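Overview (structure and organization)
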Amino acid sequence: MRSHSLLCTLFVLFSLPALALAGPRFSASSSKSSEKADFGPDKVFDGLLHTSWAEDAPGLGIGEWIEIDLGADVSIQTLTIWGGAFGGKEDWKGRGRAAELTVTGKTAAGAAALEQTVSLGDRYARKEVEVETTVRTLRFTLDDVHEGAIFADTHIAEIAFDFAEKADPSWQ
């Protein structure tokens with residue numbers, strides 16, 4: 001009985017690193033955070049329009065980026081981008097909004113698979129972008145922004161994927 005318990009404990013200990021790596025990982029060149037809110041890059045991929053990533057660089061954030069590592073090569077048909085803070089129209093107008101992004105993608109082998117400039121306009125609406133590519137990582141770099149009426153930080157509320165195949169169930 002004791003050896004069974006030890007074996008189970010060892011199995012769990014050796015499995016933890018693999019479990020920690022399951023699912024997508026998010027990173028950003030900078031992220032705003034305060035005592036009241038966290039604007040980390042994971043907020044762009046949480047399915048909630050009232051949360052967002054906000055860059056925390058001086059100025060308007062041109063050149064700042066967010067990145068998702070999907071963990072493996074995944075076929076993506078379409079990206080849908082909500083470029084701004086979508087907690088309401090006043091929130092959207094008051095904060096900086098992405099006007100133009102460069103989307104770059106790489107495969108698991110590190111080969112360039114996508115480089116596309118996306119103009120989002122200045123509308124309180126989503127932008128759908130056909131990409132039809134297979135990538136492991138996607139990076140979204142701010143090339144131009146619409147300055148907010150109140151705050152200088154630029155937000156992206158959400159980015160959604162239309163996968164060509166079913167998503168990995170460990171992401172849910």
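Residues numbered from 1 in each chain as written. Predicted model: local features only at pLDDT ≥ 70, side-chain atom pairs only at ≥ 80, totals over all residues. Heavy atoms only, no water.

Observations concerning the confidence of the model for the protein chain
Here the protein chain averages 86 in pLDDT, while 83% of its residues score no lower than 70. Strand β4 (residues 96–106) holds the highest mean pLDDT among the elements of the protein chain, 97, whereas helix α1 (residues 2–21) holds the lowest, 41. (pLDDT = per-residue confidence, 0-100. Helix = DSSP H or I, 4+ residues; strand = E, 2+ residues; numbered from the N terminus.)

Some remarks on the nonpolar core
Grouped together as the largest cluster of nonpolar side chains are 27 residues, with contacts concentrated most on I76, L138 and I156. Secondary-structure elements contributing two or more residues to this core are β3 (65–82), β4, β5 (112–119), β6 (127–146) and β8 (158–163). Aside from chain neighbours lying at most four places away, what touches I156 is V44, S52, W53, I66, I81, W82, G84, A98, L101 and L142. (Core = buried A, V, L, I, M, F, W, Y, C linked by side-chain atoms within 4.5 Å. Buried < 20%, exposed > 50% of the residue type's maximum accessible area, 1.4 Å probe, protein only. Contact = heavy atoms within 4.5 Å.)

Let's talk about the pairing of β5
The sheet contact formed by β4 and β5 spans seven bridges and is antiparallel. Opposite L101, over in β5, you have V118 as the bridge partner. Between β4 and β5, which follow one another and run antiparallel, lie five residues, and G110 among them has a positive phi close to 90°. (Pairing = 2+ DSSP bridges.)

Re unusual backbone geometry
The phi torsion of most residues other than glycine is negative, and most of the peptide bonds are trans. Located in the positive-phi region is E132, a residue other than glycine, with phi close to 35°. Among the structural elements, E132 can be located in strand β6.

Some words on the environment of T51
Take T51: it is sitting in the loop between β1 (25–28) and β2 (53–54). Judged by relative accessible area, T51 falls into the buried class, the value being 16%. Spatially, the C-alpha atoms of T51 and D38 are 8.7 Å apart, while their sequence positions differ by 13 residues. Of note is the side chain of T51, whose polar atom sits 3.1 Å from the backbone oxygen of L48. (Polar contact = N/O pair within 3.5 Å; in protein donor to acceptor, adjacent residues only side chain to side chain.)

A word on the environment of G96
When you line up the elements, G96 lands in strand β4. Distance from G96 to V145, taken between C-alpha atoms, is 6.6 Å for residues 49 residues apart in sequence. Beyond its immediate stretch of four places on either side in the chain, G96 contacts G84, H146, E147, G148, F151, D153, T154 and H155.

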